[in-house]
Amino acid sequence: MTEQALQAIRERLPEYVGSITERSKGGFWVCPLCGSGTGPNRSGAFRIQGDRWRCFSCGRGGDVLDLLGEIEQITDFRDRLLRAEEVFRIDGRMRPTGVPMIRRESKPKPEPSLIPESVMRASFKAYDQNTFALWLVRVFGEPKALEVAFMYGIGTSRHWPGACVFWQIDEEWRVRRGKVMLYNSRTGRRVKEPGNMVAGVHWLLGMADRKPEPCLFGLHLAAADRSKPVAVVESEKSAIIGAGFVPEFIWTATGGSGTLNREMLKPLQGRRVVLYPDLGAFDKWKEKAGGLPGVDVSGLLEQRASAGDRAAGLDVADFLLREQGITA
Ligand SMILES: [Zn+2]
């Protein structure tokens, strides 16, 4: 099975959960494994976040394959995959035969919901408490930091003290998704303690199952200026650093190495597009986007990287900063 097919299966987690259990209070679900959430106050502990699930009552968690394995008591990974293919493949509709159904009637998939523009606008504040914005000031100086923050519409979130929000604004200026992340204001590196410190705004708003398709971060900028070629990188941070130092391109980001797909590049049809994958992602990106008219996949990082760079897992932002003589 290709990584793409596996990811497609992983993304069907909400649909699978919806077919085997029911909602409890506060964006949680009744745990199909331990039954937490069926008590008199209906406070469940089973939660979906992206393509992962976790139950805070029984402590189990994982991806859709782990859940399927638990439910159907399949321990071998390959057997889980085979069963998942069976369960998910059928004509886009899922038939979890043999799965004990807690909820009998099938529920239609909820309509995708954009983020209200007012929610995004409300995040445009408190930059003195936004550690990513503070780091941008260190890198660019205040005027330019504010300029790029304004261009990309970087927000501030109270979800964690110091957190920022990267909004995905599409070519028609619709806010598709938002991603809350936490950075170190001195190094510009992601804070990964105590957890991954990434939260989707849909999830925070209790609409995790209503996310529209993702778009490139910075797509609104590409749509607004058709005179420049478009660079596509993995992280929002790399796009913003690129915009500050190499303004000959419009810089956009996929928001993750695995999220790049042809659908995302469609709004850029007819443009010159250069993909700059991070170290180690060249082959994957070449496979996904190579051969599309007007699209080049740059091997620049792979060519320039030393063994030490590879070991450190340097990304596009690191390279651009190093070229400018800036070290974290
Ligand atoms: Zn549980």
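Look above for the structure.
Bear in mind that the values here come from a model prediction, so they are computed numbers and not experimental data.

J.: What am I meant to see in the packing of helix α10 (residues 236-245) against helix α15 (residues 316-323) here?
T.: A pair of packed helices is captured by two measures, namely the crossing angle of their axes and the spacing between those axes. With their axes 8 Å apart at the nearest point, α10 and α15 run at an angle of 30° to one another. Here α15 runs roughly parallel to α10, going by the angle between their axes. Note that α10 runs across α15; the crossing there is left-handed. Along its contact with α10, which presents Lys237, Ser238, Ile241, Gly242 and Phe245, the element α15 presents Val316, Ala317, Leu320 and Leu321.

J.: What am I meant to see in the environment of Ile326 here?
T.: Positionally, Ile326 belongs in the segment after α15. Using a count of 15 C-beta atoms within 10 Å as the deciding quantity, one classes Ile326 as partly exposed. For Ile326 and Thr38, which are 288 residues apart along the polypeptide, the C-alpha to C-alpha distance reads 55 Å.

J.: Is there a simple way to explain the pairing of strand β6 (residues 175-181) in this structure?
T.: Sheet faces and side chains relate simply in a regular strand, where the side chains alternate between the two faces. Burial within β6 is extensive, with 7 of its 7 residues counted as buried. Across 6 bridges, strand β5 (residues 163-169) lies against β6 in antiparallel orientation. Paired with Gln168 across the two strands is Arg177, which belongs to β6. As paired strands, β6 and strand β7 (residues 198-200) are joined by 3 bridges and run antiparallel to one another. The residue of β7 that forms the bridge with Val180 is Ala199.

Rules behind the numbers
Residue positions within a chain follow its written sequence, with the count starting from 1. Local features are withheld for residues below a pLDDT of 70 in this predicted model, meaning they are given only at 70 or higher, and side-chain atom pairs are given and counted only at 80 or more; totals for whole chains, interfaces and linings count all residues. Note on geometry: axes are C-alpha line fits, over the in-contact stretch for helices, and angles between N-to-C directions span 0 to 180 degrees. Numbering of helices and strands runs from the N terminus; a helix is a DSSP stretch of H or I covering at least four residues, while a strand is a stretch of E covering at least two. Any angle that is under 35 degrees is reported as roughly parallel, and any over 145 degrees as roughly antiparallel; angles of 65 to 115 degrees are reported as roughly perpendicular and all others as oblique. Crossing handedness follows the turn of the near helix against the far one: under a right angle anticlockwise gives a left-handed crossing, and clockwise gives a right-handed one. We call two residues in contact whenever the C-beta atoms placed from their backbones are within 7 Å. With C-beta atoms placed from the backbone, a residue is labelled by how many other C-beta atoms lie within 10 Å of its own: buried for 20 or more, exposed for 12 or fewer, partly exposed between the two. In this scheme, strands are said to pair when DSSP sees at least two bridges between them.

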